[in-house]
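Geometric and topological summary
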Amino acid sequence: MDADESPSYLRGKQIVVTAGPTRESLDPVRFFTNRSSGKMGYAIAEIAANLGAHVTLISGPSPLDVPHGVKRIDVETAEDMYKEVLRHYEQADIVIKAAAVADYRPKITFDQKMKKQEESLVVEMERTQDILKALGEKKEQQYLVGFAAETTNALQYGKEKLDRKNLDAVIINDVSQEGAGFSGDTNEATFISKQGRVEQLPLSSKRQIARQLFSLIEEELKGVEQ
Ligand code: CTP
Ligand code: CA
């Protein structure tokens, strides 16, 4: 699809998307991360740019190419992502947090490579900042969308995240389902809005899920205006 093809409510809007995993270093050669590929966030950024939005993609380490017309900012840690997202938050109309942010990081990052010593090793970890929750607390005009990755009680846990983080909508992925979640090209999800709308997004490509997401946001924004 081309940017000029259809009139869109996204034309000229500022959209911030986060994508990919974060990486939390233990020493110069080792880090903790997760299985996120970045594909869902990159698909969202690509579709938003095609629909005429100004898109800033704040991305953890990902091998994916920057989608056409998207401005990418590379980050590594949850802390870096937090700083970059905050820097762009005030100007944003819609913020979509597809990144799989590390919940914990090593309490100490060593300057030198750790040498092996004992037979076992305990690494003390500390919580990272919950970026999405902080955004929910600071929310003004922004339409704020989070993701919820769950393996059990997906709807209940997802709905709790919507409330706890003061989101406008949450996209719930049951990552125990075949074809859904972190690394593949497809996804299957449930969209729940603050206004109480619940929509199943059946198994399809991540681009198709992104298109559906922007139609749902359009309808939700119209609903708020009325
Ligand atoms: N998130 C975030 N900052 C964190 C952790 C998560 O911004 N430190 C965001 C993710 O980008 C996602 C949403 O919060 O949009 C939900 O992430 P998820 O891992 O499903 O939920 P958590 O709140 O971290 O709870 P838990 O992992 O315990 O289920
Ligand atoms: Ca988490």
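Reading the values: the criteria
Residues numbered from 1 in each chain as written. Chains lettered and ligands numbered in written order. Predicted model: local features only at pLDDT ≥ 70, side-chain atom pairs only at ≥ 80, totals over all residues. Helix = DSSP H or I, 4+ residues; strand = E, 2+ residues; numbered from the N terminus. Expected span 1.5 Å × (residues − 1). Buried ≥ 20, exposed ≤ 12 C-beta atoms within 10 Å, placed from the backbone. Near = placed C-beta within 6 Å. Nonpolar A, V, L, I, M, F, W, Y, C, P; charged D, E, K, R; others polar. Pairing = 2+ DSSP bridges. UniProt positions renumbered as here; feature names shortened; annotations may be inferred. Contact = placed C-beta atoms within 7 Å.

A closer look at helix α1 (residues 39-50)
Look at α1: 16 Å from first C-alpha to last across 12 residues, which is about the 16 Å you get at 1.5 Å a residue. With respect to burial, α1 is a largely interior element, 12 of its 12 residues being buried.

Details of the site of ligand 1
Taken together, 15 residues surround ligand 1, and among them Lys97, Val101, Ile131, Leu132 and Gly146 come closest. Sorting the residues of the shell around ligand 1 by element identifies α3 (131-137) and β9 (143-150) as the ones contributing at least two each. It is β9 that provides the largest number of residues to the shell around ligand 1, a total of 4 residues. Residues of the shell around ligand 1, tallied by class, amount to 8 nonpolar, 3 polar and 4 charged.

Comments concerning the pairing of strand β6 (residues 94-97)
The side-chain alternation of β6 yields two buried faces, one formed by Ile94 and Ile96 and the other by Val95 and Lys97. Here strand β1 (residues 14-19) pairs with β6 via 4 bridges, running parallel. Opposite Val16, over in β6, you have Val95 as the bridge partner. Bridge count between β6 and β9: 4 bridges; the pairing is parallel. If you follow Lys97 over to β9, its bridge partner there is Gly146.

Some remarks on unusual backbone geometry
Not every positive phi belongs to a glycine, and Asn153 is a case in point at roughly 45 degrees. Mapping Asn153 onto the fold places it in the loop between β9 and α4 (154-164).

Observations regarding the UniProt feature "binding site: CTP" (unreviewed entry) in the chain
Taking the UniProt record as the reference, the feature "binding site: CTP" (unreviewed entry) is found at Asp103, Lys113, Phe147, Lys161 and Lys165. Spanning 63 residues, the annotated positions stay apart in the fold, the maximum distance between their C-alpha atoms being 37.8 Å. In this fold, Lys113 is placed in the loop between β7 (104-106) and β8 (125-127). One can find Lys165 in the loop between α4 and β10 (169-174). Non-local contacts of Lys165, meaning those with residues more than four positions away in its chain, are made with Leu132, Lys133, Gly136 and Gly146.

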